[in-house]
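# Descriptive structure summary
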Amino acid sequence: MLKSMTGFGRGESCGHGKRFTVELKSVNHRFCEVVLRFPRSMVSLEDRARRFIQSRISRGRIDGYFSVEECGERSPVVKVDKALATSYYKAMEELKATLGLTDAVSIQHLINLPGLLVVDEPAEDDDALWPVVSEALEQALGGLMQMRLAEGSQLKADLTRRLKRVEELNEQIKARAPQVVTEYHNRLTQRLQEWLRNVPLDQTRLATEVAIFAERASIAEEVVRLASHIVQFREFLDEGGPVGRKLDFLIQEMNREINTIASKAPDLEISRVVVEVKSELEKMREQVQNIE
């Protein structure tokens, strides 16, 4: 199915006494760019998360926000720096002797000294945490993909409608093209008769001039190529998947053909149709920029 590059998803999971939350949002980008923001305690999981996302998404800029908080009861581990405590104690005893003090050094004197008590945060095991983190990430990706698919469906409907209009306009150009030569022949004949008056027209020379004009103004090849691009565009829409670049390329080719038609066919009616085609193609180009 056709997918947009715009979406949002959120996931949450709990495990190992922690609650993990993941929020993903994606916008247009030529390539697949993944920018993740992890807490310091989880930064070692960043590469795994990036590879996980890139395995599911082909194009777009994806911004990911990961957060963690404690859930459930977890007893902190407090450790005493015994070597530091001994040093503090010796320093106090020396200070007492130097100053001639008699007060005893107690635990109350030591307990508030910096660095004596340390809350130990054991290093997390990445392999143990990853299944929990990936569960939240999977939920967020699911929501993101669902939104991208829903918007992709709307984009396909709009592009299909506009493509049909371009196809109809191309048929109008095709039907009009032979009349351009006929009208040129009539105008040229009328003008020559007005200029020459009673002098007979050289029909051979007239036919030659008309033939030269017909060759120069022929848009048959451009009309056929434009029709071919339309068929390919419709096939890519039905194919789905990451076809945004292919569709963008085809719109460039269709613009090239319609510009050539405009320059080769000096006709007011064809010029009017060309303007409408270019308007539709520009709107299609804007929509295609959002397709994966």
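Residues numbered from 1 in each chain as written. Predicted model: local features only at pLDDT ≥ 70, side-chain atom pairs only at ≥ 80, totals over all residues. Heavy atoms only, no water.

Now for the overall build of the protein. Per the secondary structure count, the protein includes eight helices and six strands. Order of helices (α) and strands (β) in the protein, N terminus to C terminus: β-β-β-α-β-β-α-α-β-α-α-α-α-α. Within the protein, buried positions represent 35% of all 292 residues. Surface accessibility of the protein: about 17,300 Å² in total, with carbon and sulfur atoms responsible for 53%. (Helix = DSSP H or I, 4+ residues; strand = E, 2+ residues; numbered from the N terminus. Buried < 20%, exposed > 50% of the residue type's maximum accessible area, 1.4 Å probe, protein only. Areas by Shrake-Rupley, 256 points an atom, 1.4 Å probe, with all protein chains shown as cover.)

Here the focus is the nonpolar core. By size, the foremost hydrophobic cluster in this structure holds 30 residues, and its most contacted members are Ile173, Phe233, Leu247, Ile258, Ile261 and Met284. Elements with a contribution of two residues or more to this core: helix H4 (126–196), helix H6 (220–239), helix H7 (244–264) and helix H8 (268–288). In terms of residues, this core owes the most to one element, H8, which gives seven residues. Beyond its immediate stretch of four places on either side in the chain, Ile258 contacts Ile173, Leu226, Val274, Val277, Lys278 and Leu281. (Core = buried A, V, L, I, M, F, W, Y, C linked by side-chain atoms within 4.5 Å. Contact = heavy atoms within 4.5 Å.)

Turning our attention to the sheet that holds strand S3 (residues 32–37). Backbone-to-backbone hydrogen bonds pair the strands of a sheet. The strands run either parallel or antiparallel. In spatial order, the strands read S1-S2-S4-S3; together these four strands make up an open sheet with mixed pairing. At either end of the open sheet lies a strand with only one pairing partner, and these are strand S1 (7–15) and S3. Each strand axis lies, on average, 15° off the axis of its neighbour in the sheet, ignoring direction. By the bridge criterion, nine bridges tie S1 to strand S2 (residues 18–27) in an arrangement that is antiparallel. When the bridges of S2 are listed, Cys14 appears paired with Arg19. Along the sheet, helix H1 (residues 46–54) contacts S2, S3 and strand S4 (60–70); its crossing angle with S3, the most-contacted strand, is approximately 145°. (Pairing = 2+ DSSP bridges. Axes fitted to C-alpha atoms, helices over the stretch in contact; angles between N-to-C directions.)

Here we take up a nonpolar patch on the surface. On the surface, Val78, Val80, Ile107, Ile111 and Leu117 cluster together into a nonpolar patch covering about 430 Å² of accessible area. Looking at the nonpolar patch, the elements with two or more residues in it are strand S5 (77–80) and helix H3 (107–111). Mapped onto the secondary structure, Ile107 falls in helix H3. (Patch = residues over 30% accessible without salt bridge, like charges linked within 9 Å, V, L, I, M, F, W, Y side chains within 5 Å. Salt bridge = Lys/Arg side-chain N within 4 Å of Asp/Glu carboxyl O.)

Moving on, we get to the environment of Pro39. On the secondary structure map, Pro39 appears in the loop between S3 and H1. Sequence spacing of Pro39 and Tyr65 is 26 residues, and the spatial spacing of their C-alpha atoms is 9.2 Å. If near-sequence neighbours (up to four positions away) are discounted, Pro39 is found in contact with Phe66, Ser67 and Val68.

This part takes up H6. In this model H6 runs 29 Å from its N-terminal to its C-terminal C-alpha over 20 residues, within 8% of the 28 Å that 1.5 Å per residue would give. For H6, the set of buried residues is Glu222, Val223, Leu226, His229, Ile230, Phe233, Phe236 and Leu237. Along the axis of H6, the buried positions cluster into a sector of 145°, meaning they face one direction only. Pointing more than 90 degrees away from the buried face of H6 are the exposed residues Glu221, Val224 and Asp238. Just beyond H6, the residue with positive phi is Gly240, at close to 70°. (Expected span 1.5 Å × (residues − 1). Arc of directions from axis to C-beta.)

In contact at an axis separation of 10 Å, H7 and H8 are set at 165° when each is read in the N-to-C sense. Here H8 runs roughly antiparallel to H7, going by the angle between their axes. The interaxial crossing formed by H7 with H8 has left-handed handedness. Contact with H7, carried on its side by Gly244, Leu247, Asp248, Ile251, Met254, Asn255, Ile258, Asn259, Ile261 and Ala262, involves Ile270, Val274, Val277, Lys278, Leu281, Met284, Arg285 and Val288 of H8 and no other residues of that element. Residue classes in the contact of H7 with H8 are distributed as 12 nonpolar, three polar and three charged. (Parallel < 35°, antiparallel > 145°, perpendicular 65-115°, else oblique. Left-handed = near helix turned anticlockwise from the far one by under 90°. Nonpolar A, V, L, I, M, F, W, Y, C, P; charged D, E, K, R; others polar.)

As a further point, take the packing of aromatic side chains. Each pair of aromatic rings is reported with the distance of its centres and the angle of its planes. Under the defined criterion, the tally for this structure stands at two aromatic pairs. Measuring from ring centre to ring centre gives 4.0 Å for Phe38 and Phe66, while their planes differ by 15°; the resulting arrangement is stacked. Highlighted residues: Phe38 in the loop between S3 and H1 and Phe66 in strand S4, separated in sequence by 28 residues. Like Phe66, Phe38 is buried. Judged by centre distance (6.1 Å) and plane angle (80°), the rings of Phe52 and Trp130 are edge-to-face. Within this pair, whereas Phe52 is found in helix H1, its partner Trp130 is found in helix H4, the two being separated by 78 residues in sequence. Judged by its relative accessible area of 22%, Phe52 falls in the partly exposed class. (Phe/Tyr/Trp six-rings, centres within 6.5 Å; stacked < 30°, edge-to-face > 60°.)

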